[in-house]
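Chain residues, written in single-letter form:
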Amino acid sequence: MTRRRADDDPRDELRVTSPKEYAAGVPAVAHAMEYALSHTSPRRTALTLLNLNQTEGIDCPGCAWPDPQHRHKNEYCENGAKHVTDEATTRRVTRELFAAHSVAELGAKSDMWLNEQGRLTEPMVKRAGATHYEPIGWDEALQLVADELRGLGSPDEAMFYTSGRVSNEAAFLLQLMARSYGTNNLPDCSNMCHESSGSGLGESLGIGKGSVSLDDIHAADLIFVVGQNPGTNHPRMLSALEETKRNGGTIVAVNPLPEAGLKRFKNPQRPSGVIGRGTVIADQFLKIRPGGDLALFQMLNRLLLEAEASAPGAVLDHDYIARNCIGFEEFAADVRTVAWDDVLAATGLERAEIEEVHRRVLESKSIIVCWAMGLTQHKHGVPTIQEIVNFLLLRGNLGRAGAGVCPVRGHSNVQGDRTMGIWERMPQRFLDALETEFGFTPPTAHGYDSVDGVRAMRDGRASVFVGVAGNFVRAMSDSDVTEQALRSCRLTVQISTKLNHSHTVCGETAIILPTLGRSDRDVQATGEQFVTVEDSMSEVHQSRGRLEPASSSLLSEVAILCRLARRLLGTGNPIPWESFEGDYGLIRDRIARVVPGFEDFNTRVAHPGGFRLPNPVNEGVFPTPSGKAVFTRNALESLPTPPGHLVLQSLRSHDQWNTIPYAMNDRYRGIHDARRVVLVNPDDLADLGIADQELVDIVSVWTDGTERRAEGFRAVGYPAARGSAASYYPETNVLVPLDSVAAVSNTPTSKGVIVRLERRAP
Ligand code: SF4
């Protein structure tokens, strides 16, 4: 791995090699080990990796892909190894670093440089008018936060943000504290990623979660992997897809970029993955235009209806539809009118390609559709997901082995946090259960999600921001507005393991509260504690850190929240915060009485591997207003581009975790020593008159006539779908205005940005 200083300007060091034809294999193991050993000691590396994803070990924070029942002793991927050793680093951020660098100087450093400084070690404060952070004691820091919150005109002037790294226990306490205080302002990172999945599945099926298990993935006849790059973002999904293939299943991948992990997988745990050619993943690859997925599934649905008309009773599952669904006739009448010309224009595909997929569908008894941000971060993300549900309902592909919906989540406990009540509009039954259990009346007015929260801070309606984990400033769209919004706050608080850019975007007063990571031992008054998480397939299990904490001054997230709640809510508050801090089992006892599916939580989570939450859809129960699954009617929407323009999607590099690059490389795509690149089909570059690796500005163009500019990118010829472009975030967040969001879900439209490339003077 080429290493370079993180704060260098990378623009002129770009090196391009051919995109990789396979994911993982021996190079992945070598890269993981190289990264681990350059950040921590061999002993900590061994202690961390051998415990990663084991039943009594650390849940990998890397993504939310589930663990198999029978675990290998190396049950992790290259990126998981990097994530957890990044946290286990022996590097430390001390008060001397903050004394040596003003906030402004830290703000000028790159995300990578900030991350590489290591683990935070003690609470810090930037006082009003100061230029630097300085140390502050825990008591003073927490009292300062509590006093600011208590001094607000209304609890709704505060926001409590969460990232998906937060455990079930901490998430439950955070929402309990916020609602006891009086607000539902609980934005989370889900607002920026899978909110469209929750909205679409919620309306169609009554529950916003996936319905499948790992066994279903292994048993499926046909799996669609849509708008997703599992090789980088959920690497062990490839082991599951390999198993599907071994069992005779077929995979159709649908994506604007031919990612390495969609082509071939070399499983380093099998001899064939070490010395052989590995496993072909996608039997068919559809290089679709960004935003064309709705049109694709509408045409697949039309073709199913036509096939049924030709062979009545042989294609659709009429029994399933009659028993479980409403809205079929209206949906069918609509979808029969979908025109080939419109679909081909929206998708950029050939008619023969779609007909080939249709033939595969007809040959398959059990079908799963998996997806990620390539679907959700579009203006029409919600109807796209609902059209996928229509597709599955037509042949009864829900609630039986090898069939169902599979939104693949990126953050390890993002699904669990929502289950625990991190949502600005939890249903009344949840609020009622909180009231019964804790004896207070939670607020009922809906709170702010992430986009509305930025609007509120920008407009002066919110002035205290408390972030539990994550890097809000870098995760949000419209970087400039988000930064201004946070800077306008009276107080910003970040509960964090490592330094990131959000610490440098300060309110008048800013506080950093350093916390334990997943890999750290967590010892409280009653002894060593574990926390729990819920993965993408609703499996709830333990996570237990093994390492000595990075500093003796660290507190766990649970402890920080309990101590803050006691100060905020006062001594008369009946919730036993002190007991919760001392024994996390007591928190789980309360969760068991509030959250359906968690009955007898402590006993069941003690079983190796934990337990699976029920999904009523699999029992033919649909918690929709009608009690039925809903066929929805969705207008065909796409992203028409004016001549000379492209549809840009923002994405992660392979050497990046969420907002944090670990290196200036994107190994699978063949990009080295640079991040300010934009990947464009060579034919599009030729049409635009732009030479390969020419320096350009990316200019986004919005319907209100406004334009936004990201400066100084190298245009790289890449086998992307015609008319599309791809570039890394957070660098391109600046191109997406705050108000450009998906209908219904309010998710920023980061995968559907209409841009033109402007050549820059050399
Ligand atoms: S697949 Fe996801 S959870 Fe599993 S080891 Fe890799 S990053 Fe971690």
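Residues numbered from 1 in each chain as written. Predicted model: local features only at pLDDT ≥ 70, side-chain atom pairs only at ≥ 80, totals over all residues. Heavy atoms only, no water.

Novice: I would appreciate a short explanation of the pattern of salt bridges in the present structure.
Specialist: Should their charged atoms come close, side chains of opposite charge can pair. Tallying each qualifying case throughout the model produces 49 salt bridges. Among the ionic pairs, arginine 708 bridges to aspartate 478, the shortest N-O distance being 3.0 Å. Of the two residues, arginine 708 is situated in strand 31 (residues 707-717) and aspartate 478 in the loop between helix 25 (472-475) and helix 26 (479-487); the sequence distance between them amounts to 230 residues. Judged by relative accessible area, arginine 708 falls into the partly exposed class, the value being 21%. On the basis of relative accessible area, aspartate 478 is assigned to the buried category, the value being 3%. (Salt bridge = Lys/Arg side-chain N within 4 Å of Asp/Glu carboxyl O. Helix = DSSP H or I, 4+ residues; strand = E, 2+ residues; numbered from the N terminus. Buried < 20%, exposed > 50% of the residue type's maximum accessible area, 1.4 Å probe, protein only.)

Novice: Even after reading the chapter, I still don't get the site of the ligand, so can you show me in this structure?
Specialist: The ligand sits among Asn53, Cys60, Gly62, Cys63, Tyr76, Cys77, Gly80, Pro235 and Arg236. Looking at side-chain class alone, the shell around the ligand contains 5 nonpolar, 3 polar and 1 charged residues. (Near = heavy atom within 4 Å. Nonpolar A, V, L, I, M, F, W, Y, C, P; charged D, E, K, R; others polar.)

Novice: Is there a simple way to explain the packing of aromatic side chains in this structure?
Specialist: A full pass over the atoms with the stated rule returns 16 aromatic pairs. For the ring pair phenylalanine 172 and phenylalanine 438, a centre distance of 6.2 Å and an interplane angle of 45 degrees mean the geometry is tilted. On the criterion of sequence distance, the pair formed by phenylalanine 172 in helix 8 (residues 168-181) and phenylalanine 438 in helix 23 (residues 428-438) is long-range, its members being 266 residues apart. Of the two residues, phenylalanine 172 and phenylalanine 438, neither departs from the other in class, the shared state being buried. Between the aromatic rings of phenylalanine 601 and phenylalanine 611, the centroid separation amounts to 5.9 Å while the plane-to-plane angle is 85 degrees, which identifies the pairing as edge-to-face. Here phenylalanine 601, found in helix 30 (residues 601-605), pairs with phenylalanine 611, found in strand 23 (residues 611-612); they are 10 residues apart in sequence, far enough to count as distant. Phenylalanine 611 matches phenylalanine 601 in its accessibility class, with the two residues each being buried. The structure contains a cluster of three or more aromatic residues connected by ring pairs, namely Tyr161, Phe465 and Phe472. (Phe/Tyr/Trp six-rings, centres within 6.5 Å; stacked < 30°, edge-to-face > 60°.)

Novice: Help me understand helix 21 (residues 381-394), please; the structure alone is not making it clear to me.
Specialist: What sets the pattern is the α-helix's 3.6 residues per turn: residues three or four places apart point alike. Across its 14 residues, helix 21 extends 20 Å between first and last C-alpha, which sits within 8% of the 20 Å expected from 1.5 Å per residue. Positive backbone phi, approximately 65 degrees, marks glycine 396, located one or two places after helix 21. (Expected span 1.5 Å × (residues − 1).)

Novice: What should I look at first to understand the nonpolar core in this one?
Specialist: For soluble globular proteins, the rule of thumb is that nonpolar side chains tend to be buried together. Ranked by internal contacts, the top residues of the largest apolar core, which has 67 residues, are Phe160, Phe172 and Leu176. It is helix 8 that provides the largest number of residues to this core, a total of 9 residues. With 53 residues, the next largest nonpolar core counts Leu300, Tyr320, Ala346 and Leu398 among its residues. (Core = buried A, V, L, I, M, F, W, Y, C linked by side-chain atoms within 4.5 Å.)

Novice: Hey, could you run me through the confidence of the model for the chain in this one?
Specialist: Where the model shows low pLDDT, its predicted coordinates should not be examined in detail. Per-residue confidence for the chain gives a mean pLDDT of 93, with 97% of residues at or over 70. Throughout residues 1-11 the model reports pLDDT below 50, and contacts reaching past four residues in sequence, or to other chains, amount to 30 contacts. (pLDDT = per-residue confidence, 0-100. Contact = heavy atoms within 4.5 Å.)

Novice: Looking at this structure, how should I read the packing of helix 18 (residues 340-347) against helix 19 (residues 351-362)?
Specialist: The relative placement of two packed helices comes down to the angle between their axes together with the axis-to-axis distance. For the pair helix 18 and helix 19, the least separation of the axes is 10 Å and the interaxial angle reads 100 degrees. It follows from the interaxial angle that helix 18 and helix 19 lie roughly perpendicular. On the side of helix 18, the interface is formed by Trp340, Val343, Leu344 and Thr347, while helix 19 contributes Arg351, Ile354 and Glu355. Among the residues forming the contact of helix 18 with helix 19, the class breakdown is 4 nonpolar, 1 polar and 2 charged. (Axes fitted to C-alpha atoms, helices over the stretch in contact; angles between N-to-C directions. Parallel < 35°, antiparallel > 145°, perpendicular 65-115°, else oblique.)

Novice: What should I look at first to understand the environment of glycine 421 in this one?
Specialist: Locating glycine 421 in the fold gives a position in the loop between helix 22 (414-419) and helix 23. The spacing of glycine 421 and leucine 176 is 245 residues in sequence and 8.4 Å in space, taken between C-alpha atoms. Here glycine 421 is in contact with Gln175, Arg179, Leu186, Met426 and Phe430, once residues within four sequence places are set aside.

Novice: Please clarify how the sheet that holds strand 16 (residues 464-468) should be interpreted in this entry.
Specialist: Strands pair in a sheet through their backbones, by hydrogen bonds, and they do so in one of two ways: parallel or antiparallel. Judged by pairing direction, the sheet is mixed, and its 6 strands sit side by side in the order 6-5-18-17-16-7 without closing on themselves. Lying at the two open borders of the sheet, with one neighbouring strand each, are strand 6 (134-135) and strand 7 (158-162). Bridge analysis of strand 7 against strand 16 gives 5 bridges, and the strand direction is parallel. In the strand pairing of strand 16, methionine 159 is matched with phenylalanine 465. Each of strand 7, strand 16, strand 17 (491-496) and strand 18 (509-514) is contacted by helix 7 (residues 138-150), which is oriented at about 130 degrees to strand 18, the strand it contacts most. (Pairing = 2+ DSSP bridges.)

Novice: Explain the side chain of serine 502 here, please?
Specialist: With respect to the helices and strands, serine 502 occurs in the loop between strand 17 and strand 18. Owing to a relative accessible area of 2%, serine 502 belongs among the buried residues under this scheme.

Novice: Looking at this structure, I do not really get the side chain of asparagine 615. What am I missing?
Specialist: Examined against the element boundaries, asparagine 615 turns out to sit in the loop between strand 23 and strand 24 (629-630). For asparagine 615, a relative accessible area of 7% puts it in the buried group. Polar side-chain contacts of asparagine 615 include one of 3.0 Å to the backbone nitrogen of valine 617. Discounting chain neighbours no more than four positions away, the residues touching asparagine 615 are Ile207, Lys209, Gly210 and Ser211. (Polar contact = N/O pair within 3.5 Å; in protein donor to acceptor, adjacent residues only side chain to side chain.)

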